[in-house]
Amino acid sequence: MEDFEHELARMMRDTQANAPFEDQHRQRLQSGVRARRRARTVWMATGSALTIAGLGVGLEVLPSASAQGGPTVPHHQPTSTTAPVPIPTRTCTTVPVPIPTHTSTTVPVPIPTRTCTTAPAPLPTHTTTTK
């Protein structure tokens with residue numbers, strides 16, 4: 001709350017004042033305080049909405065502006081040709097687990113295990129040429 005509202009609340013609660021506010025004045029002051037709060041809330045919401053809209057427009061314009069200003073002189077980059085990379089072979093086996101002989105449901109059931117082996121793939125050969 002602002003200083004004005006603090007002072008107004010203090011004056012309205014003060015019972016030792018020589019001339020306390022009458023009901024009509026008190027209602028008028030309270031309606032004024034409510035109107036100020038509503039106006040402040042609208043002002044802050046509008047400012048926040050405009051800020052978010054401005055940031056959104058800025059983020060939309062920024063990437064397109066940097067994309068238009070690309071390099072003007074082409075740079076020579078090395079070119080390379082490679083054979084397709086072979087995919088390593090993988091073999092998996094599942095080890096069966098015997099079924100438990102207990103009839104109780106509180107005994108944990110073993111989970112079958114799976115073992116996998118991966119055969120190493122041959123290294124690709126690279127042919128690099130530079131211009």
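Procedures and definitions
Residues numbered from 1 in each chain as written. Predicted model: local features only at pLDDT ≥ 70, side-chain atom pairs only at ≥ 80, totals over all residues. Heavy atoms only, no water. Salt bridge = Lys/Arg side-chain N within 4 Å of Asp/Glu carboxyl O. Helix = DSSP H or I, 4+ residues; strand = E, 2+ residues; numbered from the N terminus. Buried < 20%, exposed > 50% of the residue type's maximum accessible area, 1.4 Å probe, protein only.

K.L.:
Help me out: how do you make sense of the pattern of salt bridges in this one?
P.N.:
Any two side chains of opposite charge can pair if their charged atoms end up close together. Summed over the entire model, instances satisfying the criterion amount to five salt bridges. R10 is paired through a salt bridge with E7; the nearest N and O atoms lie 2.5 Å apart. On the criterion of helical spacing, the pair formed by R10 and E7 is a turn pair, its members being three residues apart in helix α1 (residues 3-13). Two residues, D23 and R26, come together in a salt bridge whose shortest N-O distance is 3.4 Å. You can see D23 and its partner R26 sitting in helix α2 (residues 23-68), three residues apart, about one turn around the helix. R26 gets classed as partly exposed once you look at its relative accessible area, which sits at 24%. One network of salt bridges, with partners in common, ties together E2, E5, R36 and R40.

Geometry only, nothing functional implied.
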